[in-house]
Structure formats: C-alpha cells, structure tokens
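# Per-entry structural report
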Amino acid sequence: MRTFTTICILTICNIVFSQKMINDFEHILTETDTFDNGVSGSGGFMDTSIFLPNTYDHSFDFWGGWAISNKKDSMTPGFLNQYSCIAGEGAKESQAYAVTSAFVPVTLQAGPNNSPISIDTIFINNSTYTYLSMRDGDQFAKRFGGETGDDPDFFKLSIKKYLDGEISTDSIEFFLADYRFENNAEDYIVRDWTAIDLTSLGLVDSLLFTLHSSDIGAFGINTPTYFCLDYVVTDGTTTSTRNDRITAFRTFPNPATDKIYLLEESDQIYSYQMISANGVIVSKGEVSRDQSIEVAHLLPGTYYIRLLNGGKQGVVQFVRE
Amino acid sequence: MYWISILSFVMTALASLEVHAQADSTSVQLPIITVLDSTVRSQYAPASSQIWQSSSQPPMHDLGRFLNAASGIFIKSFGGSGIATSSIRGSSAEQTLLLWNGVPIQNPMLGQVDLSLIQPGLMDKIGLIRGGHSSKWGSAAIGGVITLDNSPDWSEGSQAGLSMNVGSFGFRSGKFHMDYGNGEWSSRTRISHHQSENDFRFLSRRGNSHEKLTHAAKRQQDIMQSFGLRLDPKTSLTADVWYQESDREVPPTLVQNVSNATFEDKAWRSLLRLQHQGAQSIYWVKASYISENQEYYDQVENINKFQSVFIEVEHQKQGNESLFNLGISFLHNSANTNNYIGKESENRISFFTNHTISGRIIDLDFSLRQTLIDGTLSPILPAAGAIINLSSKESVSFKINRNFRVPTLNNRYWQPGGNSDLEEEKGWSQEVTFSTRRKRLALDLIGFNRNIKNWILWAFNPGDNFVSAQNVANVWSRGLESRITFETPIAGGLLTQKFGYDFIRSTNQSNNPLYDEGQQLFYTPEHKFHFTIGFQKKAFELRYQHIIVGNYDGINDSLPGYNIGSIHLSYQSQYKKTSFRGFISIENIWNHSYQVIERRPMPGTHFTIGSKINLE
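The paragraphs below set out a description of the structure included in this document. Remember, predicted model here, so these are calculated numbers, not experimental data. (Residues numbered from 1 in each chain as written. Chains lettered and ligands numbered in written order. Predicted model: local features only at pLDDT ≥ 70, side-chain atom pairs only at ≥ 80, totals over all residues. Heavy atoms only, no water.)

### Comments concerning the overall build of chain B
Across its full length, chain B carries five helices and 34 strands. A globule of 616 residues ought to have a C-alpha radius of gyration of about 25 Å, and chain B, at 24 Å, matches this closely. Projected onto the principal axes, the alpha-carbon positions of chain B cover approximately 80 × 55 × 55 Å. Here chain B, with 616 residues, has 55% of them falling under the buried criterion. Counted over contacts in chain B with a minimum sequence separation of 6, partners at least 24 positions apart contribute 61%. If you sum the accessible surface of chain B, you get close to 25,900 Å²; carbon and sulfur atoms cover 59% of it. Charged side chains in chain B number 56 positive and 55 negative. The centres of these two groups are separated by 7 Å. (Helix = DSSP H or I, 4+ residues; strand = E, 2+ residues; numbered from the N terminus. Rg over C-alpha atoms; globule rule 2.2 N^0.38 Å. Buried < 20%, exposed > 50% of the residue type's maximum accessible area, 1.4 Å probe, protein only. Contact = heavy atoms within 4.5 Å. Areas by Shrake-Rupley, 256 points an atom, 1.4 Å probe, with all protein chains shown as cover. Lys, Arg positive; Asp, Glu negative; His and termini not counted. Charge placed at Lys NZ, Arg CZ, Asp CG, Glu CD.)

Written out as structure tokens, the structure is:
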C-alpha cells in the first residue's frame, strides 16, 4: 500500500511539474457501451496532444485506422465484438479507449501544434476479438500453440517513430501474446492494460504501429489484427484544447490524380501537412480556399491532409489514384 | 421433413391409382422418343470424358466422394460435413461448370457448387468432361464440365425402389423412387434423406491421442419430381422440379477449441424441356428457374439469396456424316446479401454453333460461341478438334479451345473488395490424346496445355486492410493423364484392373500478391495415382481401390501426400421382377491419418452397409 501511494504521488508530481499531457479519450463518446468508428467522416480523433487517424469508406461501410470505444464485452468471440477490449474497460479503470484494426500499419500522430512531441508512456492491451481468437482459435486463425500446444506462436506489436520524414531504425517491441517458451506454462496472452515506456524514442512526429503474428497464410496474418491503446502520456505544452477543431472543410476531387482543391468556408490561410497512411509527412506548405495542392508526385494510396491554423486543426482523408 | 413424407405418400398413392386405371384401358403403342441433350455438343472426345449410369454405381455419400473415387480428379474436401469442390487439371473450383440437364447450377455469387450437397443417386447419369469446353458450354468450362442428367422413362409400367444405408459416425441414408410410364406420359419421383453425425475420431498431434470431431452433423433432404408428356409422336414435354434442403454444423479446425458455425441451404430448381424431332433435325427448348437461399452463421449471420433464369433454344440438323447445331441461350442471375449494396444482377446472351463431320479416317469438330454480358461482347470462343483413326483400334486426337469465365457476382459486388471493373478470365487450351481399344485393354494417354490470363484472385492491395478481387494472375497449366484398363477372365469370373496417373503443373506466371512467379497453385498436387482391382463373378463383386496423392501447398501450410485404400463388396440378385442389391464398403481401410485441406481432419477407417430393392 505504501508503494502504491508513493507511485501515485510521484506520478502526480511528475505530471504537475513537467506538464504531462494525458490522452485518455474519455471526452469523445457521450454514451456508454458504444463506439465511434469514424462513420461521421471526421478523419480521426483528436485528444489533448495526439491525433489518431481514421479512414471510413462509406461505399463499403468499412473502417480502418482507429476507433474509440467504451464497450465492456470481454466474453463474446468474433468479428461482431471487434470494438471491445479484453479488460472490459480502459486503462486505469477508465471507460474509453482506442482500438485499431491494423492489418496494415497504423499511426499515432503528434497533436495540434504542428510540432514534434515526446511520448512518455502508452498503455496497450488485446482486443476481445483477438484475445479469444488466439486462446481458442476460429475458422480462419489458429489457437496459439497449435495442435500440440507446442507451436512457438507470438503476436507482437512493433513501434517505430517518424521525425522529419525519417523513420527510426530501432523499434520498441511488445508481445501481446508469446508462446515461445520451453515451458508451456509460461506462455501468455496479455489481458491487462500494460504500460510501455517510450521515453527512449525522444521527439516524434508520429508513431508507427505494426503487428506481427506467427500465424501467417498466403493472405497475410490470420490472427485478427487488432489491439487497444489508452492513457497516452506526452511531455510538453499545448496551446489548444481538444475541441479546437476545423471541421467544415473538404477536398475535391476525391479520389484525385493531379491536384486537390481545398473547399473551405473561410478565407483564412492554413498551413497544411500531407501525411501518408504510414504516418510520413510527404509534403507541407500553405493553402487557402479554392487553392490547389499538387498530388501528382504521390504514389497511389490513402493520404491525410491536416490543416492547422492558430492552434486549431482538422484532418481529411483523400485517395491518390 | 414431414411435408416431404406427406408429399411422397400422396405421389405414391396417385401413381398407384394411375397404374390401376391404365391397366384396364387400351393403350396405343407409339414410337418411343427420349429427350436428350444436343448430341453434337455432348459428343466428347471419349478419352477425356467419363460417364456413369447411376443405377450401376454403388451408393455414395455425395458427388464429391463419388468423383474422387471414380474419376481421378482432385476433390478439395473439408471432410465430415464440410464442403467439397473440384480441381480439374489445376483449375480453380470456379472453373468447373456443373450442368443439370444442360442447365448451369453454379452459385452465381461464388461461381462454385458444393459437390458434397449433390446426391449421385438422384441422377440417372453423371458425366465428367475434362478440359476446356467454353465454346460448347459457355463461361466457367475451363477445367472441365460435370454433367448431371435425368431423362424420362417412356416405357410402360411402373417400378419402385427403396435403398437404405447405414454407416459409421451416425450415417443414415434412405432413398425412395417410384417411376411410372404408359408410353404417353411418365412420372419419376425420387426422395432422399441423408444424415450423419460425422463425429469421427482422428489422430491428434496433441499427445498422439485420438480426438473426436465435434459439431459436424449434417442433415439433407432432396425431392425430385419429373413428369414427361408426349404431345405427339415427335414432340415431348418434360418438367423437372428438384427441391433440396440441408443443415450443417461446421466443425472446429484442428487449431480451434469450439465452433458454433452452421450452414443452411435451401434450393429450388425447376426445368421445362420441349423437344421436337423431325426426320433429320431436332429442336430443343429449355427454360429453368433456380432459387437458392444460404445462411452461414459464425457469430455473424451471412444470408445469401440468388435466383437464376436460363432459357435455351437449340436446333440440330443431321446430315449423312455430319451434325450441325445452332442455338441461343439467355441467363439471368440476380443475388442479394448483406455484403452487397443492394440486389445485383447480370444478363448473358450466348449464340453458339457446333459442327461435326465424321469420316472414315478423320472426325472433325468445330465450335463457336459469342456471349453478350450486360450488353458488352465477350471474346469469340472458337474450338476445333480432330480424331484421326490410325486403325480400328488406335486413334490420335487433337483439340484446341478458347475458354473464358465471367467474374462472379461476388467478384464484382462484394463489399468490401468487389471490383466492377474486372475482366473475364480467358485463354487457350490444347490437348493431344492417344487411345487404343483392344479386347481386354483400353489405354488413353493425354497431354494438355492451358494458359489463362486475367485469372481472378482475392488479394491485398498495398495499403488496404481488406482483400479485393483482381485480374492479377496468368496461370500456365500443363500435364499428362493416363488411364489403363485391363480385363482378364479368370476362374469363371472377370478380373478388372484400372490404373490412372495424373501429372499436373499449374503455375502462376505473373507477379502478384498471392503467388511467386513459377509457384504451383494452392491445393494442386502435381502427382495423383489411383488404381482399382476388381473381381466379378456371378452375383458377387469385390473391388479394392487405392489413391495416392503427392504433396501440395495449402494457403497456410504445406500438406503431406496421402494414400487411401478402400474395399467394396456387393451382391445382387434378381427374382422375377424384383431385384436386390446389398453391399458393404470400408473406406480408408489402412486408417491413414490425413488432411485434404489443412487444419481439417479426414475420417479414419469407416464403413457403409446398405441394400437396395427394386420392384417392377
């Protein structure tokens, strides 16, 4: 009990004296036992100092990137329960958390200041869908350990940073499940929120999360590629609040091949960043209403345009054909 | 199930009344005519085709198991209650066309038919034609064509039959049939019930112990009713209705603790056939309507519904040494599922012609087909073949065909990943055959070559987190097939030995996300060998069959080859107008532990015992 009190005091002091920013997603959902998978077309979720991008394809009703959830179902297997965390709650007994569908790598981007941030800690956990699939298997993915229980299976999260368009060579790795032990009794699947110290990464523009599994077929990873994120602690100050959003803007055409135009109500000049799906800033500059941004040099794929103006920001997704 | 029993009883009663009524009337003998498919299209190169009269075959659980045992083609079976699809000459399951009385009955959403749901005993005749025949039969006839035929029996009188089978793992099946004909009209009724728990034990790698397969039960009912009516001596009308319903539990994989998945299928298939026969020509008109509902449940419920309308008009003219036909067919497919935006459909109109010329030394065969798909012309599909009779016993034949397959509705409209811009799979196939037929020996050696471009694969695009349908593979398939049959009279009986060996290379030739260049396609063994030795004497027949399949790759793991033996003993007798047949089959007699699809166990040694009584 004394140790716990000491840790709490030190944590509070650390936050107070070094101006730690807490991103816990608690403000995003207004109802209980629900989720937001980006169906509104917001392009992502802004918290105190980080931005979690989201893609939502209305023609397919299909989402990618991040969703915010406060669902509590830790029992139901299968895809329909894809938004739940196996802990049945957020980190530190909170309600909300982020969950990602990450068959391709996903990013966490620095917040509204258009400047790099330092991330101290993130909390990671398995989604219910993935946890139960690894524990019990399903029609597509294997039960970890395989037929004999001896298969050296693993489900691993690899975290790299982007800074000034450069990706780090080193990565921080976290095993969401590890069955590689000689003694099968030591095999585990993570089901409690676990803190990962990212201070060694220093300043970042964004983090790149990549999932790896031992259960791979011709189509790639068979294990459901989900994990949950919460309580992201960053170092530094911010001049904006969570609600400083630029919401009423669009780009046209979408998909685009040569140029895209900013459709915005105000005449303000915005600074912009064009960010690839991998979190790399591929171009930046200034743009105002009805001005175009060149995209012909980009490889085909999904990109984000992030507009910044006086501490406000907004994000919209487009596709380069 | 109850209504099937009631319907069966009513039909039986009605047919019996009709028998008595006709017995007292004076019947007029008319020349018997039989509705057949176009002979110019069904005159296959004999070496590449096999035809089985269903009545002479031992009862088989389903068409997949029947073809695996009888034909030598590779059947991708999930085991137990699982689905079964075909791979002919390295083709995909979607590249095998399945025809019921000439009507394509593939699921237009998937482009496949689950062969484990077809009961061979319902059909009069089952055929397999290996090789590309798109010019004759249309889309999807790339790897081969499986034909299921029912024809009316115009002979006078009635007959009824009942067969009952039981076997391992809770297998029970029963089939009742009743036929009646009076020369002017005919009625054929078939009712079949089939169930199995499939709770077989398999060797688990977990402690080398035997585990029991769970959640693998299957129930299936079929009822098929055919009516034939002779409108005049040259014209007949036939109506067929086939209702099928099945419920299956989907068992867990070897690396899954529990499965709650289920699969239900209900299908109505109906067909009207009109035939008019002139002195030198025959006209056929066919119209069919198919409606099928499928519900797959595995935490998420997926409901697929589709309907197909098929109409075909064909005219065949016979010369002294030639046959010529001309036809037009219309196919409308529509489907709906919760993975489509709405109801999706397609229309295809095909024009086709075939011409065969029979000479003393050379037989020639030409075909041409053009299909209009939703208003867009597909490639013209020509084909040509020749059989050179080297002697009365030896022949060499050549075939060249252009083949194609229209993308399925799922390929185009499934959300996400459907691609409405997909092109047809298309390419050419060639075949050379040497055949000899002697008194006690039949030998066929076939070499084939096939290139298919725009082969459709579901694969990930860079940056996408879902698979999408893409024309990304070019596949080169080539190989050799051999079939040898010896017959030797011995000890007052007949000893028959059949050998078959298939060597198949079917490789991807392009750069794509799923395969390396030069890689053999998944679930395509290079080597398959099978032999059968049988001895028949008087009323008894004893037969042993052995199948050896080489290694191949699945989508997750490489699968080791396997060899499976089975033994079959039957007895048949005839007393006056009553015939009886009893049999016992023991399959996988060496209790080999194997998988055809990875993570899906197959049963060890199991038996089926049954009897069949026919009354005329």
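### Brief notes about the interface of chain B and chain A
On the side of chain A, 30 residues touch chain B, which itself brings 34 residues to the contact. Carbon and sulfur atoms make up 53% of the surface buried where chain B meets chain A, a total of about 2,700 Å² over both sides. At the junction of chain B with chain A, the criterion picks out one salt bridge. A salt bridge links Asp 215 of chain A to Arg 599 of chain B; its shortest N-O distance comes to 2.9 Å. At the junction of chain B and chain A, the tally comes to 13 residue pairs in polar contact (both at pLDDT 80 or more). Secondary structure elements with two or more residues in the side of chain B that touches chain A: strand S16 (281-298) and strand S25 (441-460) of chain B. Of the residues belonging to the side of chain B that touches chain A, the class tally is 17 nonpolar, 11 polar and six charged. (Buried area = accessible area lost by both parts, 1.4 Å probe. Salt bridge = Lys/Arg side-chain N within 4 Å of Asp/Glu carboxyl O. Polar contact = N/O pair within 3.5 Å; in protein donor to acceptor, adjacent residues only side chain to side chain. Nonpolar A, V, L, I, M, F, W, Y, C, P; charged D, E, K, R; others polar.)

### Digging into the pattern of salt bridges
All names here are of chain B. Tallying each qualifying case throughout the model produces 33 salt bridges over all chains. With a closest N to O distance of 3.2 Å, Arg 130 and Glu 481 form a salt bridge. Remark: Glu 481 occurs in strand S26 (residues 467-490) and Arg 130 occurs in strand S6 (residues 125-130); sequence separation between them is 351 residues. We note a salt bridge from Arg 543 to Glu 541, for which the minimum N-O separation is 3.2 Å. The structure contains a network of salt bridges with shared partners spanning Arg 89, Arg 130, Lys 399, Glu 431 and Glu 481.

### Section: unusual backbone geometry
All names here are of chain B. Cis geometry is adopted by the peptide bond preceding Pro 416, which originates at Gln 415 and carries an omega value of -5°. Inspection of the secondary structure puts Pro 416 in the loop between helix H5 (409-413) and strand S24 (425-437). Positioned with a positive phi, Asn 101 is a non-glycine residue whose angle comes to about 50°. For Asn 101, the position within the fold is in the loop between strand S4 (96-100) and strand S5 (103-104). Look at Asn 101 and you get buried, because its relative accessible area is 1%. For Asn 588, which is not glycine, the phi torsion reads 50° and is therefore positive.

### Quick word on the pairing of strand S10 (residues 185-196) of chain B
Residues and elements named next belong to chain B. Most of S10 sits out of view: 10 of its 12 residues are buried. Here strand S9 (residues 171-181) runs beside S10; their pairing, made up of 10 bridges, is antiparallel. When the bridges of S10 are listed, Arg 172 appears paired with Gln 195. The antiparallel hairpin formed by S9 and S10 contains three residues in its connecting segment, where Gly 183 sits at a positive phi of about 90°. (Pairing = 2+ DSSP bridges.)

### A closer look at the packing of aromatic side chains
Under the definition given, this model contains 33 aromatic pairs over all chains. Ring plane angle 10° and centroid distance 3.7 Å describe the contact between Phe 35 of chain A and Tyr 83 of chain A, whose orientation is recorded as stacked. A residue pair is termed long-range when its members are at least 10 positions apart, and Phe 35 of chain A in strand S2 (residues 35-36) and Tyr 83 of chain A in the loop between strand S5 (62-69) and strand S6 (97-101) qualify at 48 residues. Judged by its relative accessible area of 33%, Phe 35 of chain A falls in the partly exposed class. Each ring, one from Tyr 243 of chain B and one from Trp 268 of chain B, has its centre 4.6 Å from the other, and the planes form 45°; the classification is tilted. With Tyr 243 of chain B in strand S14 (residues 235-249) and Trp 268 of chain B in strand S15 (residues 262-277), the pair connects residues that are 25 residues apart, well separated along the chain. (Phe/Tyr/Trp six-rings, centres within 6.5 Å; stacked < 30°, edge-to-face > 60°.)

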